[in-house]
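# Chain and residue survey
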Amino acid sequence: MRISKTRFLDLLRCPRFYDYTQSVGDTIDPLDQDILEHLTGDAEDLETLTKAQEAVLNGLHERVEREASTWVRQRLGGHTIDLDTSGGQHHVERSVHGHVWTAELDILNPTDTGVHVIEVKASTTSELSKLDFKLNGVYHPVFVKNNHVHKLVEETAPYLETALQEKYLKARKNLFDRLHKVGRHVYDLAFQRFVYEGSIDYDSAKAHTYYLALLNKDYHHDGQETYDVVNGEHVISLIDLTTITEELQSVVAEDVRQVVDYIDQHDNRYQNLIKACQKGTPRACPYLTQCNPYLKVDYNVDELMGSSYKDTARFAHQESKPMIADLDEADRSKKPKWRMQYDAIVHDTIHVDQASLKAFLSHLEYPVYHLDFESFAAPLPRFKGEKPYQQHVFQVSLHIEREAGMCDNTLDHVEFLAEDHRDCRHDVVAFLLEHIDLSAGGTVLVWHKTFERERLKELALAIPKYASELQHIRDAVVDLKDGFLGKGALPILYKKALHGKYSIKFVLPAYTSITYEGMAINNGLLAATTYATYPVIDPAHFDHVLDAMRTYCKQDTWAMVTLLDVCRNLIEQNSTD
Ligand code: SF4
């Protein structure tokens, strides 16, 4: 059998995976997971993407690869064998245990002094920094950067103090976890190395260095066409992982043996929910509901608020209680929310915390500006001051509710939509300042305030002239989600139709008759990818596409107007009961 890296990583998930590939069909290469993580939307929204949109997303990864190749030639010298010079990645393969293991090297860089092997990821160095550890209130790094290359601390200036050394080794362990955010990239590179060093292309007489190329979180674009060094930072960072991938070779060899055993055993009995299923992530196993059919059924234990996959596995698999209604008194007493969810399902109770809801509503000042942004996060920043994956707001919807209950879906709605890929930050700010008037008080209502507040902060940094006005808007932001979820041990509002979730996708159908069904664009991921595909949209359909985007974003803020009304009605209902 020919086994690519993607297939190997899938087969390594568990003994059962191979059987599914035989009976259900093999998996296809997924979209770039790093890029997807930076786009708003749920895993299931991926199914709504068109082929053209998928191609544009994959094209974003290719642009990162090209930029990395250019930087490698500048920084390390020599020439590169890559997407540009050979029309594709460099294919290598080796035979082990009767199978052919294949890998595509993103960049091979032979120089006078040795060979550099580079795996490019459209991921940023942010996760690398999160490995840093704290001792006595001071953060210490696992990697240090020197001349644009990150190296392990032990290779430059090792920690000498025992306590520091212990903490360092603990943080370093994450690099060996193939399900860790950084560890998975390291493992990818280690597998590439395993295949390459057993292939006919490998020349053991030459020195080899193995790098990850990541997007530099500290880079701010200067607005030029090309990506040069700006304030000492380049958009690509190289991470030297020669030592770690060397240590990982025995692990990869063992994992290869393990996969061969899985194939030979052809085990079709193993069913569970394990970490390798990667449930709830863009890397989720495609056979998740085959192994866990209860996940397709409403009110299963996976809906329990604040539960982990381990809770789900324990209830569903070890204790044979896949439904929330199966939980016994001891289970229900573990968390007040679990008891509330059980009661909602079994006794059809509807939870309303009147006092908290009243308090939430009393803090709102009118006019209420129902605000929603749509944005696109490009891996390679496009405009001056932007960082890799900075969210660029391209659409704004605003419904203005001047007094409680006084808002017309059409007459009180204004919107902004960028119709091309030019920098629209000034237009967005002008739109906000024109339509949001807080001089006599008011509230800016959003759903999930972190997102809108961060965008307002970035706009203020980009256009400092209006920083104080934008800060004023930011200060007036209130999260409507807080009126439903609250901050206590129990939410403010709950009914079983929420299925334990408070995204607008669940809250809206639970409390209103508004639906996104039948809309050409019906989720944030689709809106962002539609914006990304502007240049390839048939001009004859372009206006139609823009209309669909406007309809979607308008619906988002109208949904908030309606949900606020729901909150007020719940208070009134109670006071008349
Ligand atoms: S869902 Fe989990 S247990 Fe089932 S095949 Fe996938 S990884 Fe294995």
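Residues numbered from 1 in each chain as written. Predicted model: local features only at pLDDT ≥ 70, side-chain atom pairs only at ≥ 80, totals over all residues. Heavy atoms only, no water.

## A closer look at the overall build of the protein
Stated formally: Strands are runs of DSSP state E lasting at least two residues, helices are runs of H or I lasting at least four, and both sets are numbered from the N terminus onward. A radius of gyration in this sense is built from C-alpha atoms; the matching globule rule multiplies 2.2 Å by the number of residues raised to 0.38. For every residue, the accessible area (1.4 Å probe, protein chains only) is compared with the maximum for its type, and the residue is labelled buried under 20%, exposed over 50%, or partly exposed between those bounds. The contact rule is simple, with two residues in contact once any of their heavy atoms fall within 4.5 Å. Using a 1.4 Å probe, the Shrake-Rupley method yields the accessible areas, and only the shown protein chains count as cover for residues.
Looking only at helices and strands, the protein has 21 helices and 18 strands in total. Taking 2.2 N^0.38 as the reference for a compact globule, 577 residues should give roughly 25 Å; the C-alpha atoms of the protein span a radius of gyration of 26 Å, in line with that estimate. With the C-alpha coordinates aligned to their principal axes, the bounding extent of the protein is approximately 85 × 60 × 60 Å. The buried share among the 577 residues of the protein stands at 52%. Sequence-distant contacts in the protein: of pairs separated by 6 or more residues, those separated by 24 or more amount to 69%. Put simply, the protein shows about 26200 Å² of open surface, and 50% of that area lies on carbon and sulfur atoms.

## A look at the domain arrangement of the protein
Using the following cut-off: These domain boundaries are the output of an automatic or database domain assignment. When two components associate, each loses some accessible surface as probed by a 1.4 Å sphere; the sum of these losses over both components is called the buried area. By salt bridge we mean one thing: a side-chain nitrogen of Lys or Arg within 4 Å of a carboxyl oxygen of Asp or Glu. Throughout this description, a polar contact denotes any pair of N or O atoms lying within 3.5 Å of each other; where both atoms belong to protein, one of them has to be capable of donating a hydrogen while the other can accept it, and for residues adjacent in sequence the pair is counted only when both atoms sit in side chains. Under the scheme applied, nonpolar residues are Ala, Val, Leu, Ile, Met, Phe, Trp, Tyr, Cys and Pro; charged residues are Asp, Glu, Lys and Arg; polar residues are all the others, including Gly.
The domains assigned to the protein are domain 1 (64–263), domain 2 (292–349) and domain 3 (355–491 + 512–576). The distance between the C-alpha centroids of domain 2 and domain 3 comes to 34 Å. Contacts between the two partners involve four residues from domain 2, matched on the other side by five residues from domain 3. Contact between domain 2 and domain 3 buries roughly 340 Å² in total, counting both sides, with carbon and sulfur atoms accounting for 85%. Taken as a group, Pro336, Lys337 and Met340 account for 83% of the area that domain 2 buries against domain 3, more than any other trio of residues on that side. Counting every contact that joins domain 2 to domain 3 gives zero salt bridges. There are zero residue pairs in polar contact (both at pLDDT 80 or more) connecting domain 2 and domain 3. Each residue belonging to the side of domain 2 that touches domain 3 can be placed in one class, and the counts come to three nonpolar, no polar and one charged.

## As for the sheet that holds strand E8 (residues 143–146)
Condition: One bridge is not enough; two strands pair if DSSP finds at least two bridges between them. Orientation is described by axes fitted as lines to C-alpha atoms, over the contacting stretch for helices, and by angles from 0 to 180 degrees between their N-to-C directions.
Across the sheet, which stays open at both edges, the six strands sit in the order E4-E5-E10-E11-E9-E8 with mixed pairing between neighbours. The open sheet terminates on both sides in strands that have one partner only, identified here as strand E4 (107–110) and E8. Neighbour-to-neighbour, the strand axes of the sheet open up by a mean angle of 30°, direction not taken into account. Pairing of E4 with strand E5 (residues 115–124), which is carried by four bridges, proceeds in the antiparallel orientation. Along E5, the bridge assignment pairs Asn109 with His116. The strands touched by helix H9 (residues 242–265) within the sheet are strand E9 (149–152), strand E10 (208–215) and strand E11 (236–240), with E10 carrying the most contacts at an inclination of about 110°.

## Section: the packing of helix H4 (residues 51–76) against helix H20 (residues 524–532)
The condition is simple: Reported orientations rely on four angle classes, namely roughly parallel under 35 degrees, roughly antiparallel over 145, roughly perpendicular from 65 to 115, and oblique for the rest.
For the pair H4 and H20, the least separation of the axes is 9 Å and the interaxial angle reads 75°. As the angle between them shows, H4 and H20 are arranged roughly perpendicular. Contact residues: Gln53, Val56 and Leu57 in H4; Leu526, Thr529, Thr530 and Ala532 in H20. For the contact of H4 with H20, the per-class residue count stands at four nonpolar, three polar and no charged.

## Quick notes on the pattern of salt bridges
Scanning the entire structure with this criterion turns up 42 salt bridges. A salt bridge links Asp331 to Lys334, with the shortest nitrogen-to-oxygen separation between them at 3.8 Å. According to the relative accessible area criterion, Asp331 is buried, its value standing at 4%. If you follow the salt bridges from partner to partner, you end up with Asp311, Arg314, Glu319, Lys321, Asp328, Asp331 and Lys334 in one network.

## Here's the deal with the nonpolar core
Convention followed: Among the buried residues, those of types Ala, Val, Leu, Ile, Met, Phe, Trp, Tyr and Cys that are joined through side-chain atoms within 4.5 Å form a nonpolar core.
Core analysis: the biggest nonpolar cluster contains 105 residues, and Val396, Leu432, Val444, Leu480, Phe484, Tyr511 and Leu563 have the highest contact counts within it. Top contributing element to this core by residue count: helix H21 (residues 539–576), with 14 residues. If we skip the residues at most four places from it in the chain, Tyr511 touches Phe484, Leu493, Tyr494, Lys495, Leu498, Leu563 and Val566.

## Re empty space enclosed by the protein
Short version of the rule: Grid spacing is 1 Å over the protein atoms alone, the probe is 1.4 Å, and a cavity is where that probe fits but cannot get out, while a pocket is an open set with protein on both sides within 12 Å along at least five of seven lines and lining residues have an atom within 4 Å of a point. Grid points are joined across faces, edges and corners, and a volume is the space filled by probe spheres set on the points.
Applying the stated rule across the entire model yields three cavities of 30 Å³ or more. Reported here for the largest cavity is a volume of approximately 90 Å³. As for the largest cavity, its lining consists of twelve residues, of which Cys14, Asn272, Cys277, Cys285 and Cys291 are closest to the centre. A breakdown of the residues in the lining of the largest cavity according to their chemical character gives ten nonpolar, one polar and one charged. Size it by volume and the second largest cavity reaches roughly 60 Å³.

## Considering the sheet that holds strand E16 (residues 443–446)
In space, the five strands of this open sheet follow the order E15-E14-E13-E16-E17, with mixed pairing throughout. Each edge of the open sheet is held by one strand with a lone partner, namely strand E15 (413–417) and strand E17 (477–479). The mean inter-strand angle of the sheet, taken between neighbouring strand axes irrespective of direction, is 30°. Here three bridges tie strand E13 (residues 368–377) to E16, and the two strands are oriented parallel to one another. Considered in E16, the bridge of His370 is made with Leu445.

## Thoughts on the packing of helix H16 (residues 449–462) against helix H17 (residues 467–475)
H17 packs onto H16 with a crossing angle of 170° between their chain directions and a minimal axis gap of 9 Å. The angle between the axes of H16 and H17 places the two elements in the roughly antiparallel class. Contact residues: Arg453, Glu454, Leu456, Lys457, Leu459 and Ala460 in H16; Ala467, Leu470, Ile473, Arg474 and Asp475 in H17. Its residues assigned to classes, the contact of H16 with H17 comprises six nonpolar, no polar and five charged.

## A closer look at the environment of Leu152
Tracing the backbone shows Leu152 in strand E9. Residue Leu152 is classed as buried on the basis of its relative accessible area of 1%. For the pair formed by Leu152 and Glu93, sequence separation is 59 residues and the distance between their alpha carbons is 29 Å. The residues contacting Leu152, other than those within four sequence positions of it, are Val142, Phe143, Tyr168, Arg172, Leu175, Thr243 and Ile244.

## As for the layout of surface pockets
Computed from the structure, the second largest pocket encloses a volume of approximately 390 Å³. Around the second largest pocket, the lining is made up of 20 residues, and of these Arg63, Tyr227, Ala378, Leu380 and Arg382 lie nearest the centre. Per-element accounting of the lining of the second largest pocket gives the leading share, five residues, to H4. Of the domains in this structure, domain 1 (64–263) and domain 3 (355–491 + 512–576) are the two that each give at least three residues to the lining of the second largest pocket.

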